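Architecture at a glance
If you want the building blocks of each chain, they are given just below.
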Amino acid sequence: MTEPSLHAWLTAGLFLLAVVTAAALTRVSAPYGRHVRDGWGPALPSRWAWMLMESPAVLAFALVYAAGRQRAELVPLALLALWQLHYLHRTFVYPLLTPSGRPWPLVVVGLGFAFQCYNSYLNARHLSELGSYPDSWLGDARFLVGVTVFGLGLLLNRRSDAILRRLRAPGETGYRIPRGGGFELVSCPNYLG
């Protein structure tokens, strides 16, 4: 099997995995955050769990990307920069800004880590080796709309996270309903962003 066909099969598998995961999560609450419960094995502090789980999106992506023949081309470099902008913040900045929560079971961290390895390979390999991105693509409407949506999503995500960080006083654990910004329109604008 050639790498492009393997990549196509793995991409289809990722979509199938999304359907299976969505179906499973209608029956079982993922055991992290406020849904943590006993019986899921050893756990890690939430900040370290988050950084470990998300780290392949920065590190594995960079390694796979660096192995591609198109790694020094303009459009792949621009898309690499956008990916890293998102995941450097999500992996290392976000967990350090967020108040520490309940420990996460290692099984959740492991599943997230495995997903990020899978996702990073698919995206980085397509970007730096298997896809085709001529320089003219930077002026293409798909790219311009995509960058605009990315920028708006980034802004919405960061502003919503800031509202959530200010929701409780230090040491306070009670339930609060966030107000303002995107929370006036949807329940989780941080995820929507």
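This text goes with the structure placed above it.
Residues numbered from 1 in each chain as written. Predicted model: local features only at pLDDT ≥ 70, side-chain atom pairs only at ≥ 80, totals over all residues. Heavy atoms only, no water.

1. Digging into the packing of aromatic side chains
Let me state the cut-off plainly: Each pair of aromatic rings taken from Phe, Tyr and Trp, with Trp reduced to its six-membered ring, is defined by centres within 6.5 Å and is described as stacked if the planes are under 30 degrees apart, edge-to-face if over 60, and tilted in the remaining cases. Secondary structure elements are taken from DSSP: a helix is a run of H or I of four residues or more, a strand is a run of E of two residues or more, and numbering for both begins at the N terminus. We call a residue buried when its accessible area falls under 20% of the maximum for its residue type, exposed when it is over 50%, and partly exposed in between, using a 1.4 Å probe and counting protein chains only.
Under the defined criterion, the tally for this structure stands at 7 aromatic pairs. Pairing W50 with W104 gives two aromatic rings, centres 5.7 Å apart and planes at 90°, and the pair type is edge-to-face. Placement of W50 in helix α2 (residues 46-54) and of W104 in strand β2 (residues 104-105) is noted, with a sequence separation of 54 residues between them. A residue is classified by how much of its surface remains accessible, and W50, at 15% relative accessible area, is buried. These aromatic residues form a ring-pair network of at least three members: F61, Y65, W83 and Y87.

2. Regarding the nonpolar core
Proteins that are soluble and globular tend to have nonpolar side chains buried together. Counted only if it meets this: In these notes, a set of buried Ala, Val, Leu, Ile, Met, Phe, Trp, Tyr and Cys residues joined through side-chain atoms within 4.5 Å is what counts as a nonpolar core. Between two residues, a contact is recorded if the distance between any of their heavy atoms is within 4.5 Å.
Formed by 14 residues in total, the largest nonpolar core has its most connected members in F61, Y65, L79, L127, Y133 and W137. Where this core is concerned, the elements lending two or more residues are α3 (59-66), α4 (74-97) and α5 (106-130). Counting residues per element, this core draws most heavily on α4, which supplies 5 residues. For Y133, the contacting residues outside a window of four places in its chain are E73, V75, P76, L79, H126 and L127. Core analysis: the second largest hydrophobic core is formed by 6 residues, A49, W50, M53 and V109 among them.

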